[in-house]
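# Structure assessment
The primary structure of each chain is shown beneath.
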Amino acid sequence: MTEHDIELSVNGTTHELTVESRTLLVHALRDELGYTGTNVGCESSTCGACTVHLDGDAVKSCTLLAVQADGAEIGTVEGLAEDGSYAPIQEGFQKEHGLQCGYCTPGMMLAADDLLERNPDPDEDEIREAIEGNLCRCTGYQNIVNAVEFAANEMGETASPEMTAADGGGDD
């Protein structure tokens, strides 16, 4: 089997590795680099447990070869938290009980985080559409929707003072 030297930047850390041509990105992340938050579910793009961010977009890493991601910026669930604090989407899943067994949670969080980057104030239908490619067999989705709404509210509250100051309306 042909091998390729590739470079992946995962959560801001650059990794150089050698992979076979057939190695899926999900396996490179988990097996070669130790990012085990990215789960292997169906390996056919159905369940979304393997969702990661690739150059800022949510993708299912079981449908991409690792060589296709050479040189890319990849974000996994391990990279959501900043400075030891939960990201709003992680906090939302915790406070709104958006998980039960937790298997789908990393993929759900990354799909939802992708939505919130594109649309910081989604309505319920937009949230449901954004996560429709991610399957959960435990929760019935309502608590996941609640978690995304919580994160959107948290992100909006954090952004509001900065926006006000940037628009000239701050207390400076």
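In the annotation of an unreviewed UniProt entry, the entry for the protein chain reads Carbon-monoxide dehydrogenase (Acceptor), and the organism field reads Halococcus morrhuae DSM 1307.

### Re the side chain of His15
By the element assignment, His15 lies in strand 2 (residues 13-20). Residue contacts for His15: discarding those within four places in its chain leaves Ile6, Glu7, Leu8, Val10, Leu33 and Tyr35.

### Some points on the pattern of salt bridges
Following the criterion strictly, the structure yields four salt bridges and no others. Arg22 is the salt-bridge partner of Glu20, the closest N and O atoms lying 2.7 Å from each other. With a shortest N-O distance of 3.0 Å, Arg128 and Glu124 are connected by a salt bridge. Of this pair, Arg128 and Glu124 both sit in helix 4 (residues 124-130), separated by four residues, roughly a single helical turn.

### Some remarks on the nonpolar core
With 21 residues, the main nonpolar core has Leu80, Ile89, Phe93, Met108 and Val148 as its most contacted residues. Breaking this core down by element, the ones donating at least two residues are helix 2 (88-95), helix 3 (105-118) and helix 5 (142-166). Dropping the residues within four chain positions of it, Val148 is found in contact with Ile89, Ala112, Leu115, Leu116 and Ile127. Core analysis: the next-biggest nonpolar cluster, separate from the first, contains 17 residues, Leu17, Leu33, Ala72 and Ile74 among them.

### Describing the domain arrangement of the protein chain
As far as domains go, the protein chain holds domain 1 (3-78) and domain 2 (88-165). Each partner contributes to the interface: domain 1 provides 18 residues, whereas domain 2 provides 13 residues. Buried surface at the junction of domain 1 and domain 2, both sides included, amounts to about 1100 Å², of which 54% is carbon and sulfur. Viewed at the interface, domain 2 and domain 1 are joined by zero salt bridges. Joining domain 1 to domain 2, the criterion identifies eight residue pairs in polar contact (both at pLDDT 80 or more). Elements that contribute at least two residues to the side of domain 1 that touches domain 2 include exactly strand 3 (51-54) and strand 4 (57-60). Here the side of domain 1 that touches domain 2 is composed, by residue class, of six nonpolar, ten polar and two charged.

What counts and how
Residues numbered from 1 in each chain as written. Predicted model: local features only at pLDDT ≥ 70, side-chain atom pairs only at ≥ 80, totals over all residues. Heavy atoms only, no water. Helix = DSSP H or I, 4+ residues; strand = E, 2+ residues; numbered from the N terminus. Contact = heavy atoms within 4.5 Å. Salt bridge = Lys/Arg side-chain N within 4 Å of Asp/Glu carboxyl O. Core = buried A, V, L, I, M, F, W, Y, C linked by side-chain atoms within 4.5 Å. Buried < 20%, exposed > 50% of the residue type's maximum accessible area, 1.4 Å probe, protein only. Domains from an automatic or database assignment. Buried area = accessible area lost by both parts, 1.4 Å probe. Polar contact = N/O pair within 3.5 Å; in protein donor to acceptor, adjacent residues only side chain to side chain. Nonpolar A, V, L, I, M, F, W, Y, C, P; charged D, E, K, R; others polar.

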